[in-house]
Amino acid sequence: MSEPSIIVQRQTGYRVITLNRPDRLNAFDDAMHEVLRGTIDEAEADEECRALLLTGAGRAFCSGQDLADRLLKPGEKPVPRESLEKYYNPLVRRLRALPFPVVCAVNGVAAGAGANVALACDIVIAARSATFTQSFARIGLIPDSGGTYILPRLIGEARARALMLTAQPVPAERAAEMGMIWACVDDAQLMPEATALCEQFATAPTRGLALIKRAIDASATNSFDEQLDLERDLQREAVMSADYAEGVRAFMEKRKPNFRGRK
Ligand code: T3D
C-alpha cells in the first residue's frame, strides 16, 4: 500500500496535519489537495478541535504545485488547470477563516504555493534550516495562493516586490527579522514550540480567538472608522460570551480559567 499523502494526528484539543510526499518535497498534486480538504473539513466539524498544526514530512515543508503534473509532451498544448480556483484559493481562504488558530511549523524548504500556504496560517514558526522562496518567477508564473496580498502586508511592498521578482530564497532567521513569520527556532525546537502553542490554544477561549482572526483580516481593507465599528460589534459578541464571564471570574478568584472553547 502507498504512503498517505496527508497524515493526521489527533491530540487533545488540536490536530497535527503533516504533508507527506517527501520524495517530491511535499509538492501538491490534486489527490493531496482533496485529502487535505477532507481533513480540514473533519477538523472544523469537530467542536473539540481548537487548533491545527500544519507541517511537512522530511526535509521540506512544501514545494508548491507538483510540476511533474504540468510537464507537456512534445507538441502538447497547455490546458487551463484551474488549480487556483479549485484548490489553492479555497485552501488559503479556509485557513484564514477557520474558527480557531492555525499554526504552521515550517520544517524545511517552503517554495511556490508552499510558501504562501504557510504564510496564510495564523502563526508561522520555522526551523533555522528552513527557507521561504517565491519561486514562481523562475518558471514564468506569478505568485499565488494569496502571496501578492499577504506578503507585502507582512514585510512591505519594496521587499515583497524584490523577493517575488528575483525568486531569492529567504532563510528562516531573516524571515523572522523581516516580520514575514512569527519566529525562527533551532531545528530541534520546532515541534516542541509549535506543539506548546497548540496546547495553549487547546484550552483558550476559542470563540474569542476566532473574533480576533476576523478583526485582523478585516483590517487589511477597512478604513479606521470601519475597523472601530467592527471592533465594537465583535467586542459586543465577546462580552456576551460565557468565556468572558469565566475569564473575569477566574481572574478575580486567582485561578486558571476553564474556557468552553467552541461549544
Ligand atoms: O499549474 C498550476 O497549477 C499553477 C499553480 C502553481 C502553484 C505553484 O506552486 S507554482 C511553483 C511550483 N514550485 C516550484 O517551482 C518549486 C520547484 N522546486 C524547486 O525549485 C526546488 O526543488 C526547491 C528550491 C524547492 C528545493 O531545491 P533542492 O535543491 O533542495 O531540491 P531538489 O533536488 O530540487 O528537489 C528534490 C526532489 O524533489 C527532486 O526530485 P528527484 O530529482 O530527487 O527525483 C525534485 O524534482 C522534486 N521536487 C521538488 N519540487 C518539486 C519536485 N517535484 C515536483 N514538483 C515540485 N514542485
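The structure we're discussing is the one just above.
Given the structure is predicted, the values throughout are model-derived calculations rather than measurements.

1. Quick notes on the overall build of the protein
Right, on to step 1. Per the secondary structure count, the protein includes 10 helices and 10 strands.
Right, on to step 2. Compactness check: the protein gives a C-alpha radius of gyration of 19 Å against a globular reference of 18 Å for 263 residues, within 12% of the reference.
Right, on to step 3. C-alpha atoms of the protein, sized along the principal axes, occupy 70 × 50 × 35 Å.
Right, on to step 4. Residue pairs in contact within the protein that sit at least 24 positions apart in sequence constitute 68% of those at least 6 positions apart.
Right, on to step 5. Put simply, the protein shows about 14200 Å² of open surface, and 56% of that area lies on carbon and sulfur atoms.

2. Looking at the site of the ligand
Right, on to step 1. Taken together, 22 residues lie near the ligand, and Arg59, Gln65, Leu67, Arg70 and Ser83 sit nearest.
Right, on to step 2. Leucine 67 is positioned with one of its backbone polar atoms (N or O) 2.9 Å from a nitrogen atom of the ligand.
Right, on to step 3. A distance of 2.9 Å separates an oxygen atom of the ligand from a polar backbone atom of alanine 113.
Right, on to step 4. Expressed as a share of its isolated accessible area of 1100 Å², the protein-covered part of the ligand is 63%.
Right, on to step 5. For the shell around the ligand, the per-class residue count stands at nine nonpolar, six polar and seven charged.

3. Considering the packing of helix H1 (residues 30–45) against helix H2 (residues 83–97)
Right, on to step 1. Between H1 and H2, the shortest axis-to-axis distance is 10 Å and the interhelical angle comes to 25°. Accordingly, the angle class assigned to the pair H1 and H2 is roughly parallel. Judged by the twist between their axes, the crossing of H1 over H2 is left-handed. In this structure, H1 contributes Asp30, His33, Glu34, Leu36, Arg37, Ile40, Asp41 and Glu44 to the contact, and H2 contributes Lys86, Tyr87, Tyr88, Leu91, Arg94 and Leu95.
Right, on to step 2. Its residues assigned to classes, the contact of H1 with H2 shows six nonpolar, one polar and seven charged.

4. A closer look at the pattern of salt bridges
Right, on to step 1. Summed over the entire model, instances satisfying the criterion amount to 21 salt bridges.
Right, on to step 2. Residue aspartate 233 pairs with arginine 232 through a salt bridge whose shortest N-O separation is 3.0 Å.
Right, on to step 3. What makes aspartate 233 partly exposed here is its relative accessible area of 35%.
Right, on to step 4. Here arginine 232 falls in the partly exposed class, since its relative accessible area comes to 40%.

5. Some thoughts on helix H4 (residues 147–155)
An α-helical segment advances 3.6 residues per turn. Residues three or four places apart therefore align on the same side.
Right, on to step 1. Within the span of H4, buried status applies to Gly147, Ile150, Leu151 and Ile155. Looking straight down H4, one finds that the buried residues subtend no more than 100° of arc, so they occupy a single side.
Right, on to step 2. In this structure, the buried side of H4 is in contact with H2, helix H3 (113–119), helix H5 (157–166) and helix H6 (172–178).
Right, on to step 3. The positive-phi residue at the C-terminal boundary of H4 is glycine 156, with phi of around 95°.

6. Here's the deal with the packing of aromatic side chains
Aromatic ring pairs are reported here in terms of the distance separating the ring centres and the angle at which the planes meet.
Right, on to step 1. Following the criterion strictly, the structure yields one aromatic pair and no others.
Right, on to step 2. Note on phenylalanine 28 and tyrosine 88: the rings are 5.6 Å apart at their centroids and 90° apart in plane angle, and the pair reads as edge-to-face. With phenylalanine 28 in the loop between strand E2 (14–19) and H1 and tyrosine 88 in helix H2, this pair connects stretches of sequence that are 60 residues apart. Taken individually, phenylalanine 28 and tyrosine 88 each receive the classification buried, so the pair is uniform in this respect.
Right, on to step 3. When the ring centre of tyrosine 149 is taken as origin, the NZ or CZ atom of arginine 153, which lies over that ring, is 3.6 Å away.

7. Focus: the nonpolar core
Right, on to step 1. Counting 47 residues, the largest nonpolar core has Leu19, Phe28, Phe61, Val106, Phe132 and Met180 as the members making the most contacts within it.
Right, on to step 2. Counting residues in each nonpolar core, the second largest holds 19 residues, with Tyr14, Ala51, Ala105 and Ala127 among its members.

Cut-offs used in this document
- Residues numbered from 1 in each chain as written.
- Predicted model: local features only at pLDDT ≥ 70, side-chain atom pairs only at ≥ 80, totals over all residues.
- Heavy atoms only, no water.
- Helix = DSSP H or I, 4+ residues; strand = E, 2+ residues; numbered from the N terminus.
- Rg over C-alpha atoms; globule rule 2.2 N^0.38 Å.
- Contact = heavy atoms within 4.5 Å.
- Areas by Shrake-Rupley, 256 points an atom, 1.4 Å probe, with all protein chains shown as cover.
- Near = heavy atom within 4 Å.
- Polar contact = N/O pair within 3.5 Å; in protein donor to acceptor, adjacent residues only side chain to side chain.
- Nonpolar A, V, L, I, M, F, W, Y, C, P; charged D, E, K, R; others polar.
- Axes fitted to C-alpha atoms, helices over the stretch in contact; angles between N-to-C directions.
- Parallel < 35°, antiparallel > 145°, perpendicular 65-115°, else oblique.
- Left-handed = near helix turned anticlockwise from the far one by under 90°.
- Salt bridge = Lys/Arg side-chain N within 4 Å of Asp/Glu carboxyl O.
- Buried < 20%, exposed > 50% of the residue type's maximum accessible area, 1.4 Å probe, protein only.
- Arc of directions from axis to C-beta.
- Phe/Tyr/Trp six-rings, centres within 6.5 Å; stacked < 30°, edge-to-face > 60°.
- Lys NZ or Arg CZ within 6 Å of the ring centre and 35° of its normal.
- Core = buried A, V, L, I, M, F, W, Y, C linked by side-chain atoms within 4.5 Å.

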